Structures are given as C-alpha cells and as structure tokens.
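# A structural walkthrough
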Amino acid sequence: MTQEPTPTTQPAGTPEPEPIRWFGTSWVDRGGDYRLRRVLVPLGALLAAAAAAFVLRLAVDGIRVADNGGFLNGLLIAAVAICSLLAALRTWKLLTEGRDALTGWMAEDRSLGVVWVIGGVGSLLAYFLRALREAPGEALHRARYEKALARHARRQAGRGGRPGTGTGTGAQGRGRRRR
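Read on for an overview of the structure. Everything quoted here is computed from the prediction, not taken from an experiment.

Rules behind the numbers
- Residues numbered from 1 in each chain as written.
- Predicted model: local features only at pLDDT ≥ 70, side-chain atom pairs only at ≥ 80, totals over all residues.
- Heavy atoms only, no water.
- Core = buried A, V, L, I, M, F, W, Y, C linked by side-chain atoms within 4.5 Å.
- Buried < 20%, exposed > 50% of the residue type's maximum accessible area, 1.4 Å probe, protein only.
- Helix = DSSP H or I, 4+ residues; strand = E, 2+ residues; numbered from the N terminus.
- Contact = heavy atoms within 4.5 Å.
- Expected span 1.5 Å × (residues − 1).
- Patch = residues over 30% accessible without salt bridge, like charges linked within 9 Å, V, L, I, M, F, W, Y side chains within 5 Å.
- Areas by Shrake-Rupley, 256 points an atom, 1.4 Å probe, with all protein chains shown as cover.
- Salt bridge = Lys/Arg side-chain N within 4 Å of Asp/Glu carboxyl O.
- 1 Å grid on protein atoms, 1.4 Å probe; cavity = no way out; pocket = protein on both sides within 12 Å on 5 of 7 lines; lining within 4 Å.
- Points joined across faces, edges and corners; volume = space filled by probe spheres on them.
- Nonpolar A, V, L, I, M, F, W, Y, C, P; charged D, E, K, R; others polar.

Moving on: the nonpolar core. In this structure, Ile20, Phe23, Trp27, Tyr34, Val41, Ala45, Leu95, Tyr127, Phe128, Ala131, Ala135 and Tyr145 together form the largest nonpolar core, which totals 12 residues. Put simply, the parts of the chain that give this core at least two residues each are α1 (34-65) and α4 (120-133). In this structure Leu95 touches Tyr127, Arg130, Pro136, Gly137 and Leu140, once residues within four positions along its chain are discounted.

In structure tokens:
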C-alpha cells in the first residue's frame, strides 16, 4: 500500500489532488485498493488505541502500586480521561474542518503537547470513528479539490471567447490608441 499518487490522464495545468495519509490519491476516484484501505485503516487505528490504552493502564497501575491514596489515583484517572477527551475533540475537528479551523487551545501544539500525547487514546478513537465514515480528511480534501477543478474550468472557459485568442470575432492585431 503505497502513498504515491495514481497516474492521471488529465491535461497539463489541471489541479492535482492532495494525497491523504494511508490512502494516497486513491480517494479521488475511490478505485484500486481504496476499499481495502477503508477496512484496514480503522482496524489499525483501533488496534493502536488498544495498545495505547494498555500502556496507559500500565502507567496508572504503576502509580497505584505506590499506594498514594484514592484521591490521587482518582485525580490521575480523571486527568487521563480529560486529556483523551480534549485530544479526541481536536482530532475530530482537524479531520472534519482542517488545521486552519483550529483556534484557541486546539491550535496549541507545543504548550499542550503533553496533553495530546496523554490523550492519544482519544485521538486514535476519533480517528477510528472518522475512518468508519470516510478516509479521514477525505471530505475536506475533496471539497478543496473540487473547488480547484471548478476554478480551473472557469479559467479555461473564460479564455474561449476573448478577442486575440484565435477563437473570437474581434479585430485582431489592433492595439490601444495612444493619446
């Protein structure tokens, strides 16, 4: 499963689709091994979430062994749950609206990096749920690609009737008069 773009038969100058992680550009025509990837990517995300949850469980159990008391253990579990929720919300917004839509605390990568790492389980679960519906980020990429194609088609159509392009009926070779 490579991420290389699929060969296209489009004329030169036509916008190229952006590749999506794990899918390449197979999302454009949903051909090739797109359906196989649509099955494998959610399974991979679910397995990765299970592995991350297991690692978090080991970390929490390691702190619990220290016998610090029920309050500290409850606080730790609440912190992991909140971090997972925040990371899931951020990932969902990122996959549905794009990085440009992230504002405020969601846009912070450096200062909240630890929150995103601890909340990795939530992020992977959001990725899994989004992958059940479509290739994660496909709707966003498809909207951009279709907008670029429409803009390209308008530019091409706009050139059809201009004088001086060889297809119009205007006087050719005339320049503007000087005053």
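Here α4 is 14 residues long and its end C-alpha atoms lie 20 Å apart, about the 20 Å a rise of 1.5 Å per residue gives. Listed as buried for α4 are Gly120, Val121, Gly122, Ala126, Tyr127, Phe128, Arg130 and Ala131. Next to the buried residues of α4 lie α1, α2 (70-97), α3 (113-118) and α5 (138-158).

The next point concerns unusual backbone geometry. Although it is not a glycine, Trp22 sits at a positive phi angle of roughly 75°. Position of Trp22 relative to the elements: it lies in the segment before α1. Here Trp22 falls in the partly exposed class, since its relative accessible area comes to 47%.

A separate point is a nonpolar patch on the surface. On the surface, Leu36, Val39, Leu40 and Leu43 cluster together into a nonpolar patch covering about 350 Å² of accessible area. With respect to the secondary-structure elements, Leu36 resides in helix α1.

Let us now look at the layout of surface pockets. The rolling of a water-molecule-sized probe over the atoms marks out the regions of remaining empty space. What the largest pocket holds in volume is close to 750 Å³. If you go around the largest pocket, you meet 26 residues; those closest to its centre are Arg21, Trp22, Leu95, Tyr127 and Pro136. Looking at the lining of the largest pocket, the elements with two or more residues in it are α1, α2, α4 and α5. Residues that form the lining of the largest pocket fall into these classes: 14 nonpolar, 6 polar and 6 charged.

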